[in-house]
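Residue-level structural notes
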Amino acid sequence: MSYLEGLKDRRVAPTEDDLQGLDLLPHGLPDGPTPADRVIELLDRYGSPATMASNGGRYFGFVIGSSLPVALAADWLTSAWDQNGGMEVSSPVAARLEATSVGWVRDALGLPPGADGAFVSGATMANFAGLAAARHAVLQRAGWNVETDGLIGAPRVTVVVGDQVHASALKALMMLGFGTGQQLVRLPVDDQGRIATESLPPLSGPAIVCLQAGNVNSGSFDPFPELIEWARGAGAWVHVDGAFGLWAAASPRYRHLTEGVGGADSWSTDAHKWLNVPYDSGIVLVRDLAQLRAAMTGPYAPYLGADHPRDRFDCAPEMSRRARGVDAWAALASLGRSGLAEIVERCCRHASRFAALLTEGGCEVLNDVVLNQVLVSFGDEEKTKRVVASIQSDGTCWCGQTRWRGRAAMRISVSSGKTTDEDVERSARAMLRLARD
Ligand SMILES: *Cc1c(COP(=O)(O)O)cnc(C)c1O
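In this report, we go over the structure that sits alongside the text.

1. Quick look at unusual backbone geometry
Here the bond from Tyr279 into Asp280 is cis, since omega is -10°, no more than 30 degrees from zero. In this fold, Asp280 is placed in the loop between strand E6 (266-270) and strand E7 (282-286). One non-glycine residue, Phe62, lies in positive phi territory at about 40°. Tracing the sequence through the fold places Phe62 in the loop between helix H3 (36-47) and helix H4 (69-81).

2. Some thoughts on the site of the ligand
The environment of the ligand is formed by 13 residues, the closest being Thr124, Asp241, Asp270, His272 and Lys273. The side chain of Thr124 places a nitrogen or oxygen atom 2.5 Å from an oxygen atom of the ligand. Take Asp270: an N or O atom from its side chain is 2.7 Å from an oxygen atom of the ligand. Expressed as a share of its isolated accessible area of 380 Å², the protein-covered part of the ligand is 85%. Of the residues in the shell around the ligand, the class split is four nonpolar, six polar and three charged.

3. Observations concerning the pattern of salt bridges
Counted according to the given criterion, the structure contains 22 salt bridges. With its nearest N and O atoms 3.3 Å apart, the salt bridge here joins Asp107 to Arg106. Overall, Asp107 belongs to the partly exposed group, its relative accessible area being 36%. In this structure, Arg293 engages Asp314 in a salt bridge whose closest nitrogen and oxygen atoms are separated by 3.3 Å. Of this pair, Arg293 sits in helix H10 (residues 289-296) while Asp314 sits in the loop between H10 and helix H11 (325-360), and the two are 21 residues apart along the sequence. Residue classification places Asp314 among the buried residues on the basis of a relative accessible area of 5%. The network of salt bridges with common partners includes Arg38, Glu41 and Arg45.

4. Observations concerning the sheet that holds strand E1 (residues 116-120)
Spatially, E1-E7-E6-E5-E4-E2-E3 is the arrangement adopted by the seven strands of the open sheet, whose pairing is mixed. Of all the strands in the sheet, the pair left with one neighbour each is E1 and strand E3 (184-187). Across the sheet, the axes of successive neighbouring strands diverge by a mean angle of 20°, strand direction being ignored. Sheet topology note: the E6/E7 ladder contains five bridges and is antiparallel. Along E7, the bridge assignment pairs Ser268 with Val284. Most of the contacts of helix H8 (residues 167-175) go to E3, to which it runs at about 165°, and overall it touches strand E2 (158-162), E3, strand E4 (207-212) and strand E5 (237-241).

5. Considering the sheet that holds strand E11 (residues 407-413)
Read across the sheet, four strands follow the order E8-E9-E11-E10 without closing on themselves; strand pairing throughout is antiparallel. Two strands bound the open sheet, and with one partner strand each, they are strand E8 (364-365) and strand E10 (400-404). Across four bridges, strand E9 (residues 373-377) lies against E11 in antiparallel orientation. Each bridged residue has a counterpart across the sheet, and for Gln373 the counterpart in E11 is Ser413. Those strands touched by helix H12 (residues 381-394) are E9, E10 and E11, and its axis lies near 30° from that of E11.

6. Overview of the packing of helix H5 (residues 92-108) against H11
Helices that pack against each other are described as a pair by the angle of their axes relative to one another and the distance between those axes. At a minimum axis separation of 9 Å, H5 and H11 run at an interaxial angle of 35°. Once H5 is placed against H11, the crossing between them reads as left-handed. Side by side, H5 and H11 meet where Leu97, Glu98, Thr100, Ser101, Trp104, Val105, Asp107 and Ala108 of the first sit next to Gly325, Val326, Ala328, Trp329, Leu332, Ala333, Arg337 and Leu340 of the second. For the contact of H5 with H11, the per-class residue count stands at 10 nonpolar, three polar and three charged.

7. With respect to the pairing of E10
Judged by which residues are buried, E10 turns out to be one-sided: Gly400, Thr402 and Trp404 face inward and are buried, whereas Gln401 and Arg403, on the alternate face, are not. Across five bridges, E10 lies against E11 in antiparallel orientation. Within E11, the residue paired with Arg403 across the bridge is Ala408. Here E10 folds back onto E11 in antiparallel fashion, the turn holding two residues, of which Arg405 has a positive phi close to 50°.

8. Let's talk about the side chain of Ser377
Summarising the element assignment, Ser377 is placed in strand E9. Side-chain polar atoms of Ser377 contact the backbone oxygen of Gly379, separated by 2.9 Å. Ser377 has contacts with Cys363, Glu364, Leu366, Thr384, Arg407 and Ala408, leaving out every residue within four places of it along the chain.

Conventions used here
Residues numbered from 1 in each chain as written. Predicted model: local features only at pLDDT ≥ 70, side-chain atom pairs only at ≥ 80, totals over all residues. Heavy atoms only, no water. Helix = DSSP H or I, 4+ residues; strand = E, 2+ residues; numbered from the N terminus. Near = heavy atom within 4 Å. Polar contact = N/O pair within 3.5 Å; in protein donor to acceptor, adjacent residues only side chain to side chain. Areas by Shrake-Rupley, 256 points an atom, 1.4 Å probe, with all protein chains shown as cover. Nonpolar A, V, L, I, M, F, W, Y, C, P; charged D, E, K, R; others polar. Salt bridge = Lys/Arg side-chain N within 4 Å of Asp/Glu carboxyl O. Buried < 20%, exposed > 50% of the residue type's maximum accessible area, 1.4 Å probe, protein only. Pairing = 2+ DSSP bridges. Axes fitted to C-alpha atoms, helices over the stretch in contact; angles between N-to-C directions. Contact = heavy atoms within 4.5 Å. Left-handed = near helix turned anticlockwise from the far one by under 90°.

If you want it as structure tokens, here you go:
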């Protein structure tokens, strides 16, 4: 508790001294027991200071949410329950809450009423599972069973991505045997990183088109209506990586950005980003659950028993699995539609405020701030890198570095419901002060 209370005022990144504290934890495996309270005390004394304060309001690195107190408490309860969330027979409560959570997420994100899916560790595994369902479906239509016969000798699958596809989707394609090189069709993007619709190539044969809701740098959205019409016209499977961007649909003000996204076949998203539940938690959803199940059901041992419709180990890569639906259930039960919309809108408002304050202060904002992402240049490459490094070590806030259209940039991602107006003002003041020095 004192850790959580300290987050408001502490520096965001640990100091060198804090990191050296980690050396004071035991190195070798202890020969005998240590009392449990002593072990936890050691973790708190030397571990807590070496954390990033990403569970507070002034961490704007990558796309990382904080934890709602209700979700954190549900997470502790989940651990106390210690349920294996793989099967309904191994945990009736996990199965029920996962089914409810997936349904609530589907409704909040405006996805088709029949869409269903499962919790996984994050959007990377959600991309993996969604694209595995895609691989199953397009090859089955071509008369090939990839689950039993593998990819060697299979009909060729055309895989299409945007030029700014997220690294995790490429990693998923790599793990699925599609590779990340020459055989991918990479479509050109516009100045915000959205796939350009002017010259879409003809598609034929088994094909998978991978789109994006929320560019990890700019926060932009691919134009779904045009792209999905084109892809589906060619019989392709459309997968949407919406790790954080899909949550725009939870807000009446930002929903328009996701227009048409419900026309896809599969979606991946994170709960540990914008829903503000603890790590790790992502969700894969598919229009037709049977396709996901076909891709994720292994040749099982008889002791696993009869199929229950709420079993999810056959819709996800893992067999034994944490009851991840519980945190998300608690977060959504507590927030309701309006509370969720408020988090999204507040983060977006903070992002616009950052853009305004930094522009006023003489910095250059490089993207159209349509959501919660802001890209900032402090001048040339050298200077921008230097300022980002000093912001990181100053400790008032933390932002990462990225490249945008050939330029070095700082990326601000406001993904924490804990960020206040005061956090934004204070952080922007620190950025401008460090940029001047
Ligand atoms: C964060 C992110 C991912 C990967 O999600 P993990 O939860 O880190 O696995 C995928 N796509 C986009 C657009 C993201 O922002």
